[in-house]
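# A look at the structure
For reference, the chains in residue letters:
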Amino acid sequence: MKLVHTVEELQKIISLERNSGRKITFIPTMGALHEGHLSLIDLAPQDSFVVLSIFVNPTQFGKNEDFDRYPRTLEDDLAKLQLQNQVDVVFVPELEEVYPAGVPETLTPRAGAVGSVFEGVARPGHFDGMLHIVHWFFKKVQPDTAIFGAKDAQQLFLIRRLVKREFDSGIEILEGPTVREADGLALSSRNRYLSSEARLQAPSIHQELLTVEQKIANGVGLNDALAEGRLALSAIPLAKLDYLALVDKSTFQPVNSGFTGEAQLIVAVVLDGVRLIDNLNLTIQGAA
Ligand code: AMP
């Protein structure tokens, strides 16, 4: 496993591999690696050359967000990757490598309307920053395959759309299932901020997604199931519910009551000051 800091060195290594017929797999992360990140690496197509990036991208953090205190644990991360032994290159660019002229005032490509709902309401500009950096990495790495976690549903929707719109040659996007603690809490680099009391309450978020899923499967109407879910989530003592919604997986628009097909139940809760998101894929059947 090689640690690389510059685009120049990265591209030299990648083109050697590509010229010898290997496919390139890319996995972007912000580090503070946990089992969720490592599970994505397991999905890399066999014999592909695996590049994993670690970069805490300032343009996807809002002014009042945790960019400065976001965990940076490079030594630990490298040790975990070394142990897993499936990554060929860890790309860790400096800020100046990514933004040589400083952080641009206008970030492109834009996330548009989907970037301003749900996570985009609480985190204005987040998805523009995210898309900008993913686009930058895709241009530099030119992967055949890129792997993302299902945990960040809105992000994944926007990345699939980015590939359709901007990368004619096609990048295969693989989606890794959300890795959870034994009690159901989705792994996240931010879980370490949870107080012990908040940590005890956090699994209720996933539990409630499962309850809503069950109610819908049992024939409860979509709007009623969501309303009951919102009540239950608001009743978690340390929780401030941001949203619980059911969106059409193909458009990321909220579904109407007669919807059938592939949907995603998405949730964000601020638990004792820590923002947690989660989601569940649902297939909505028509009434029998
Ligand atoms: P991050 O470092 O938070 O930007 O995440 C890097 C990648 O890991 C993204 O594609 C995330 O969706 C994915 N990821 C984060 N948490 C999990 C998890 N619990 N299970 C699976 N993938 C995850």
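Below is a short write-up of the structure. (Residues numbered from 1 in each chain as written. Predicted model: local features only at pLDDT ≥ 70, side-chain atom pairs only at ≥ 80, totals over all residues. Heavy atoms only, no water.)

Turning to the side chain of Ser53, a few remarks are in order. Secondary-structure assignment places Ser53 in strand S3 (residues 49-54). Filtering out sequence-adjacent residues up to four positions away, Ser53 remains in contact with Phe26, Ile27, Pro28, Thr29, Phe91 and Phe137. (Helix = DSSP H or I, 4+ residues; strand = E, 2+ residues; numbered from the N terminus. Contact = heavy atoms within 4.5 Å.)

With that settled, consider the pairing of strand S6 (residues 172-176). Sheet topology note: the strand S5 (residues 145-149)/S6 ladder contains five bridges and is parallel. Note on S6: the bridge partner recorded for Ala146 is Ile173. In the classification by handedness, the crossover that spans S5, the intervening helix H7 (residues 153-166) and the parallel S6 is right-handed. (Pairing = 2+ DSSP bridges. Right-handed = clockwise from strand over helix to strand, strands pointing away.)

This paragraph deals with the nonpolar core. By size, the foremost hydrophobic cluster in this structure holds 45 residues, and its most contacted members are Val51, Phe138 and Ile173. Per-element tally for this core: the top contributor is helix H6 (residues 126-141), with nine residues. Not counting the four nearest positions on each side in its chain, Val51 is found in contact with Leu10, Ile14, Ile24, Thr25, Phe26, Ile27, Val89 and Phe91. By size, the runner-up hydrophobic cluster in this structure holds 28 residues, among which are Ala202, Leu209, Ala239 and Leu276. (Core = buried A, V, L, I, M, F, W, Y, C linked by side-chain atoms within 4.5 Å. Buried < 20%, exposed > 50% of the residue type's maximum accessible area, 1.4 Å probe, protein only.)

This brings us to the packing of H6 against H7. Axes are the key here: two packed helices are described by the angle between their axes and the distance separating the axes. Put simply, H6 and H7 touch, their axes get as near as 11 Å, and they point 50° apart. With respect to each other, H6 and H7 are oriented oblique. Remark: the crossing between H6 and H7 carries right-handed chirality. Residues Phe127, Met130, Leu131, Val134, His135 and Phe138 of H6 form the contact with H7, whose own contacting residues are Gln154, Gln155, Leu158, Ile159, Leu162, Val163 and Glu166. Within the contact of H6 with H7, the residues separate by chemical class into nine nonpolar, three polar and one charged. (Axes fitted to C-alpha atoms, helices over the stretch in contact; angles between N-to-C directions. Parallel < 35°, antiparallel > 145°, perpendicular 65-115°, else oblique. Left-handed = near helix turned anticlockwise from the far one by under 90°. Nonpolar A, V, L, I, M, F, W, Y, C, P; charged D, E, K, R; others polar.)

Here strand S7 (residues 239-248) lies mainly inside the structure; seven of its ten residues are buried. When S7 meets strand S8 (residues 261-271), the two strands line up antiparallel, connected through nine bridges. For Ala239, the partnering residue across the bridge sits in S8 and is Leu271.

Any link to function would need more than the numbers given here.
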